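# Commentary on secondary and tertiary structure
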Amino acid sequence: MTDPPVPPVRLAQEIADQIGRLSEHLDLAPPREAAHILATVLDQHVGVLGRFTALMATGSQFAKHHSERGILPPEVWLAVGRAANELHSIGLDLDEHVEQLDALANPAAPPLPATPKPVASALVVRRRR
């Protein structure tokens, strides 16, 4: 016998709770495990970030449809659409680093091309408008 489907709002809350637990695991994980967790989360196709981006794109379509019908203000559609676009852009920015995280997580994997040893530097924050 299969389990009855979880109501969508409860499912969203359960997913949020699981992400919270994953964050706690990440905080306590040794470097290789933490790198593996991050690489898995950041995977564009099956990772949390990619799936969440797709969810927000779907939410944008919902908001667009209801804005066009006058049910939601257009600002809601614009905000949700902007969030989906920003998440997509963030995913693209992070995608180039997944391979490095995978290399740390799986030291037996073939080495990456020689790159200079990372040097500590001040963090730079990019702001987008």
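Just above, that's the structure.
Residues numbered from 1 in each chain as written. Predicted model: local features only at pLDDT ≥ 70, side-chain atom pairs only at ≥ 80, totals over all residues. Heavy atoms only, no water.

## Examining the overall build of the protein chain
Convention followed: Numbering of helices and strands runs from the N terminus, with a helix taken as a DSSP run of H or I at least four residues long and a strand as a DSSP run of E at least two residues long. Think of it in three bands: residues with accessible area under 20% of the maximum for their type are buried, residues over 50% are exposed, and the middle band is partly exposed, with areas taken using a 1.4 Å probe on protein chains only. Throughout, a contact is declared for two residues whenever any of their heavy atoms are within 4.5 Å. For every accessible area listed, the method is Shrake-Rupley and the probe measures 1.4 Å; residues are considered covered only by the protein chains on display.
Within the protein chain one finds 4 helices and 0 strands. Reading the secondary structure of the protein chain in the N-to-C direction produces α-α-α-α. Among the 129 residues that make up the protein chain, the fraction classed as buried is 17%. Within the protein chain, counting contacts between residues at least 6 apart in sequence, those at least 24 apart form 54% of the total. Only carbon and sulfur atoms are counted for the fraction: they give 63% of the accessible area of the protein chain, which is about 10500 Å².

## What about the pattern of salt bridges?
Put simply, the test is: Salt bridge, as used here, is a side-chain nitrogen of Lys or Arg placed within 4 Å of a carboxyl oxygen of Asp or Glu.
Under the definition given, this model contains 1 salt bridge. The residue Arg10 makes a salt bridge to Glu14 at a minimum N-O spacing of 3.1 Å. Within this pair, Arg10 and its partner Glu14 are both found in helix 1 (residues 8–28), separated by 4 residues, close to a single helical turn. Residue Arg10 is classed as partly exposed on the basis of its relative accessible area of 49%.

## Describing a nonpolar patch on the surface
Heads up, the rule is: Without a salt bridge and with relative accessible area above 30%, a residue can belong to a patch; like charges are then joined within 9 Å and nonpolar side chains (Val, Leu, Ile, Met, Phe, Trp, Tyr) within 5 Å.
Taken together, Val6, Leu11, Ile15, Ile19, Leu22 and Val48 make up a surface patch of nonpolar side chains, about 420 Å² in accessible area. Broken down by element, the nonpolar patch gets its largest block of residues, 4 residues, from helix 1. Its place among the elements puts Val48 in helix 3 (residues 48–68). Its relative accessible area of 38% is what places Val48 among the partly exposed residues.

## A few points about the side chain of Ser60
Take Ser60: it is sitting in helix 3. Those residues within four positions of Ser60 in sequence are excluded, and the remaining contacts are Trp77, Val80 and Gly81.

## Regarding the environment of Ala103
Along the chain, the position of Ala103 falls in helix 4 (residues 74–105). Residue classification places Ala103 among the partly exposed positions, given a relative accessible area of 27%. A C-alpha to C-alpha distance of 8.6 Å links Ala103 and Ala35, two positions 68 residues apart in sequence.

## Things to note about the packing of helix 2 (residues 31–42) against helix 4
So the rule is basically this: Note on method: axes are straight lines fitted to C-alpha atoms, helices fitted across the in-contact stretch only, with angles between N-to-C directions ranging 0 to 180 degrees. Throughout, a crossing is termed right-handed when the near helix is turned clockwise from the far one, and left-handed when it is turned anticlockwise from it by less than a right angle. Residue polarity follows a fixed list, in which Ala, Val, Leu, Ile, Met, Phe, Trp, Tyr, Cys and Pro are nonpolar, Asp, Glu, Lys and Arg are charged, and the others, Gly among them, are polar.
Relative to each other, helix 2 and helix 4 sit at 145°, their axes nearing to 8 Å. Read as a crossing pair, helix 2 and helix 4 show a hand that is left-handed. Across the interface between the two elements, Pro31, Arg32, Ala35, His36, Leu38, Ala39 and Leu42 from helix 2 touch Leu94, Val98, Leu101, Asp102, Leu104 and Ala105 from helix 4. Of the residues belonging to the contact of helix 2 with helix 4, the class tally is 10 nonpolar, 1 polar and 2 charged.

## Re the environment of Leu78
Note on placement: Leu78 falls in helix 4. C-alpha of Leu78 to C-alpha of Ser67: the two residues are 11 residues apart in sequence and 9.6 Å apart in space.

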